Amino acid sequence: MEWQPDEQGLQQVLQLLKDSQSPNTVTQRAVQQKLEQLNQFPDFNNYLIFVLTRLKTEDEPTRSLSGLILKNNVKAHYQNFPPAVADFIKQECLNSIGDPSPLIRATIGILITTIASKGELQTWPELLPQLCNLLNSEDYNTCEGSFGALQKICEDSSELLDSDALNRPLNIMIPKFLQFFKHCSPKIRSHAIACVNQFIIGRAQALMDNIDTFIESLFALAADEDPEVRKNVCRALVMLLEVRIDRLIPHMHSIIQYMLQRTQDPDENVALEACEFWLTLAEQPICKEMLSGHLMQLIPILVNGMKYSEIDIILLKGDVEEDEAVPDNEQDIKPRFHKSRTVTLQHEGGEGEEGEDDDDDEDDDDDTLSDWNLRKCSAAALDVLANVFRDDLLPHLLPLLKGLLFHPDWVIKESGILVLGAIAEGCMQGMVPYLPELIPHLIQCLCDKKALVRSIACWTLSRYAHWVVSQPPDSYLKPLMTELLKRILDSNKRVQEAACSAFATLEEEACTELVPYLSFILDTLVFAFGKYQHKNLLILYDAIGTLADSVGHHLNQPEYIQKLMPPLIAKWNELKDEDKDLFPLLECLSSVATALQSGFLPYCEPVYQRCVTLVQKTLAQAMVSRTPTPHAMYNQHPDQYEAPDKDFMIVALDLLSGLAEGLGGHVEQLVARSNIMTLLFQCMQDTMPEVRQSSFALLGDLTKACFLHVKPCIAEFMPILGLNLNPEFISVCNNATWAIGEISMQMGAEMQPYVGMVLPHLVEIINRPNTPKTLLENTAITIGRLGYVCPQEVAPQLQHFIRPWCSSLRNIRDNEEKDSAFRGICVMIGVNPAGVVQDFIFFCDAVASWVSPKDDLRDMFYKILHGFKDQVGEENWHQFSEQFPPLLKERLSACYGV
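Here is what the cut-offs are and how they apply
Residues numbered from 1 in each chain as written. Predicted model: local features only at pLDDT ≥ 70, side-chain atom pairs only at ≥ 80, totals over all residues. Heavy atoms only, no water. UniProt positions renumbered as here; feature names shortened; annotations may be inferred. Helix = DSSP H or I, 4+ residues; strand = E, 2+ residues; numbered from the N terminus. Expected span 1.5 Å × (residues − 1). Buried < 20%, exposed > 50% of the residue type's maximum accessible area, 1.4 Å probe, protein only. Contact = heavy atoms within 4.5 Å. Polar contact = N/O pair within 3.5 Å; in protein donor to acceptor, adjacent residues only side chain to side chain. Disulfide = S-S within 2.5 Å. Core = buried A, V, L, I, M, F, W, Y, C linked by side-chain atoms within 4.5 Å. Axes fitted to C-alpha atoms, helices over the stretch in contact; angles between N-to-C directions. Parallel < 35°, antiparallel > 145°, perpendicular 65-115°, else oblique. Left-handed = near helix turned anticlockwise from the far one by under 90°. Nonpolar A, V, L, I, M, F, W, Y, C, P; charged D, E, K, R; others polar. Patch = residues over 30% accessible without salt bridge, like charges linked within 9 Å, V, L, I, M, F, W, Y side chains within 5 Å. Areas by Shrake-Rupley, 256 points an atom, 1.4 Å probe, with all protein chains shown as cover. Salt bridge = Lys/Arg side-chain N within 4 Å of Asp/Glu carboxyl O. Phe/Tyr/Trp six-rings, centres within 6.5 Å; stacked < 30°, edge-to-face > 60°. Lys NZ or Arg CZ within 6 Å of the ring centre and 35° of its normal.

Taking an unreviewed UniProt entry as the reference, the chain is identified by name as Transportin 2a belonging to Oryzias sinensis. UniProt lists a comment for the chain under the heading Subcellular location (unreviewed entry), and it reads "Cytoplasm".

So this is what it looks like as structure tokens:
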């Protein structure tokens, strides 16, 4: 007997479906409750499928809704469906896949793939063969419905389909799909390509076996009149470029011609897919060779794609010039992620290595259109191509640029400014001769009457900040800064945002060049405080923090502190402990505290107290969420409860580090009056790596600032530090290593009981291939410091680490850390000279990397070099030193007379 609905039950279900379409929230709540009641009856799901597939008297939205509620039930508790119910649903889906309504067919397709991805591909063996059979149906609806379902299954289960688990159905499916590339219906052709496209990136064997047929079939569709088909053809070619470029190379000339046409397709979705081709090609080694002959055609097309479309301008409210008084829509504010503190060393010739943010994506003033569009894709493609072709791009670009940058139509002028910014990185050398004329023009564009021109000018100028700073300050830096500061106070929010970001970039480049203008800069930033809406306030914190990082102790002047601190502290007092805006504010204060040093003292107590409270609260909450709670929300979304709260603790730990570093010994009374050491003990054992990373940074900073409070805890802390010398978590390992070095310097000979628990790990890390540079350097410093305080324990290991040790420290600037580490090496060589004999040339090279060692360290070097020379004798030393590169030879003879 086939299942039949009960009339009364059916009416109840229909009423529920009608109610659930009501906008009234009270009705909605009642619907939710009713749904939960009905879900107690196993055959409720039969009613839902019945309405979807059989109840043709009802309107389509109601039938489709019935199917979507059923889909949610399948997702939530399919494993509890009685077999009879599951079978009825599966049978109904297959029987009705050819429903005359496209909406109903699509709903059934979604339902089928949901059941399939619940592990049912294995236990529903007839599904794929039946759907493939139905493709042969004469009835268009049946063919289209089956293809729609297959496309969804291919999207959701591509890996499973290409595995032995199902006896490799793709061997049949892929050749079958390829036959449909020639079907008379564009919708079917489009489904067929979309199905095959799911298997390109995973290099499914069945596709690789048919790759030439696939490529020929794609070429046959090149001129298809349907935009959806053209889009799928472009998408396929872009993925093949990544996966099987070898099969495309013979046809590359015609593919490029095709993509040049498609990038100008009247349908923007097709143009966007085609434009991805240039982005992908630019990452391939053969790009230069393949594209050189086509740049003349390609560059104007990309440049043309960089204009705002009319729809963009409407969405961006491009005609609204003043909106500073309009509060922000909270949904538009992207979550900010705090980047935990990592301890790095200063290098020769510049700043700490990883200070450079390379994530300033193309034209980031566009984030309200955060969906990827043709403008962004064209700009990104031009950027990567500029990095590939460098100045060879300019002959094709410069003739266009002049016309764009001075064009009367603001939309075209704006795109020219974007072009100029996009090529900044790749074509910088070739652009230099034009910059003296271009930069003043761009500075003028900062005053343009269109807000979108002003905002893009901010971004493009920031891309040339490096050059601006390299010129005499009065030529460009001063006029740029003056105008940029006015833009920070613009009446348009997008311009404020772009100006703040650009100013932060300028600060990083200019550093202390900004000191003469500090008063003027601070007046502007503080004025913006009172003016900004929510979203831009967060960017303003960043600009203030970057300023503090860039000018450092020059900020520590009473007049500057008087301007800057009151508004920051007012904000600090206004924000609640659970407000996410604390993140950027804490980061900003951390930079300010480090820069002001003793100047921060009057403000440190409430800031310190609050950080400790934040850590304590978070630890308490984490304890609660680890114990199983009956709290329903938590059980449904365990993942959402653990993570977000810990960010408060991480940011607070980092600000405490900033305070310890800035205040030095002054932090001692604060530590004495708090339980921070107990909290730190817990944080160091947290499950989340970022928490441990920040804990170890703070431990190192407290060790330097007030060791008397750290010392009583050393016996408990050292084993935890030893456990975290695991290079799988690079930043955790890096900070733990650095902290061990700082502790060694304070402990002196008392470090001896702990050498055994850390040294083997450190020696292993320094010898590992592919260890990141920062970690290698910190490991070398710490090994040197351990050896300095416990030479007897560390020196026997010399030959196991001396070579990588010397190589990793030769590029570090002269500083305290390098000094103590080299003293350690010298003491160890005294204890175990044999350990260094094999690799003595590396030691010589490392010694020569010092610019001006302190006198007593220079004496240590002198004694070792001369001792070695005397030991081996004049003749052998001469032979040995003949292997030195000329520069090394010169330095050693000039500085040490060997």
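(A) Spotlight on helix α11 (residues 186–197). The end-to-end C-alpha separation of α11 is 16 Å, in line with the 16 Å expected for 12 residues at 1.5 Å each. For α11, a buried count of 10 out of 12 residues is recorded, marking the element as mostly surrounded by other parts of the structure. For α11, the full list of buried residues reads Ile188, Arg189, Ser190, His191, Ala192, Ile193, Ala194, Cys195, Val196 and Asn197. Residues of α11 that are buried make contact with α8 (140–156), α10 (170–179), α12 (205–209), α13 (211–220) and α14 (227–243). Looking at where α11 begins, the residue whose side-chain oxygen comes 3.2 Å from the main-chain nitrogen of lysine 187 is serine 185.

(B) Focus on the state of the cysteines. Under the defined criterion, the tally for this structure stands at 0 disulfides. Not engaged in a disulfide, the cysteine cysteine 445 finds its nearest cysteine sulfur in cysteine 447; these two sulfurs lie 8.8 Å apart. Residue classification places cysteine 445 among the buried residues on the basis of a relative accessible area of 3%. Lacking any disulfide linkage, cysteine 790 is separated from the closest cysteine sulfur, that of cysteine 826, by 17 Å.

(C) Representation of the nonpolar core in the model. Formed by 322 residues in total, the largest nonpolar core has its most connected members in Phe214, Met252, Trp278, Ile423, Phe600 and Trp805. Residues in contact with tryptophan 278, not counting those within four places in the same chain, are Ile256, Met259, Leu260, Thr263, Leu291, Leu298, Leu302 and Ala381.

(D) Geometry of the side chain of arginine 463. Looking at the secondary structure, you find arginine 463 in helix α26 (residues 451–463). With a relative accessible area of 12%, arginine 463 lands in the buried category. A polar contact of 3.5 Å, which involves the side chain of arginine 463, links it to the backbone oxygen of alanine 422.

(E) View of unusual backbone geometry. Even without being glycine, arginine 390 reaches a positive phi, approximately 50°. Within the secondary structure layout, arginine 390 lies in the loop between α21 (374–389) and α22 (394–405). For asparagine 770, which is not glycine, the phi torsion reads 65° and is therefore positive. Note that asparagine 770 resides in the loop between α43 (755–767) and α44 (773–789).

(F) Structural detail: the packing of α43 against helix α46 (residues 798–809). Interhelical geometry of α43 versus α46 gives an angle of 60° and a closest axis separation of 9 Å. Relative to α46, α43 is oriented oblique. At the point where α43 passes α46, the crossing takes the left-handed sense. In this structure, α43 uses Val763, Ile766 and Asn767 to contact α46, whose residues at the interface are His800, Phe801, Pro804, Trp805 and Ser808. The residue makeup of the contact of α43 with α46, split by class, is 5 nonpolar, 3 polar and no charged.

(G) Region of the structure containing a nonpolar patch on the surface. Among the surface-exposed residues, Ile311, Ile314 and Leu315 lie close enough to one another that they form a single nonpolar patch of about 320 Å² accessible area. For isoleucine 311, the position within the fold is in helix α20 (residues 310–315).

(H) Spotlight on the packing of aromatic side chains. On inspection of all chains with the given rule, the structure shows 24 aromatic pairs. When the ring of phenylalanine 181 is compared with that of phenylalanine 214, the centres are 6.0 Å apart and the planes differ by 75°; the resulting orientation is edge-to-face. Of the two residues, phenylalanine 181 is situated in the loop between α10 and α11 and phenylalanine 214 in helix α13; the sequence distance between them amounts to 33 residues. Between phenylalanine 861 and tyrosine 896, the aromatic rings sit 6.3 Å apart at their centres with planes inclined by 75°, giving edge-to-face as the arrangement. Note that phenylalanine 861 is positioned in helix α50 (residues 855–872) and tyrosine 896 in helix α52 (residues 886–896), a separation of 35 residues in sequence. In this structure, phenylalanine 861 and tyrosine 896 share a single accessibility class: buried. Of note, arginine 692 hangs over the ring of phenylalanine 729, and the distance from its end group to the ring centre comes to 5.3 Å. A cation over a ring is seen here: lysine 818 above tryptophan 850, with NZ or CZ 5.0 Å from the ring centre.

(I) Spotlight on the environment of proline 169. Topologically, proline 169 is positioned in the loop between α9 (158–161) and α10. Owing to a relative accessible area of 12%, proline 169 belongs among the buried residues under this scheme. C-alpha separation for the pair proline 169 and alanine 206, spaced 37 residues apart in sequence, amounts to 9.1 Å.

(J) Expanded view of the side chain of asparagine 73. Position of asparagine 73 relative to the elements: it lies in helix α4 (residues 60–77). By relative accessible area, asparagine 73 is classed as buried at 6%. Among the polar contacts made by the side chain of asparagine 73, one reaches the side chain of asparagine 39 at a distance of 3.1 Å. Beyond its immediate stretch of four places on either side in the chain, asparagine 73 contacts Asn39, Phe44, Asn45, Leu48, Tyr78 and Phe81.

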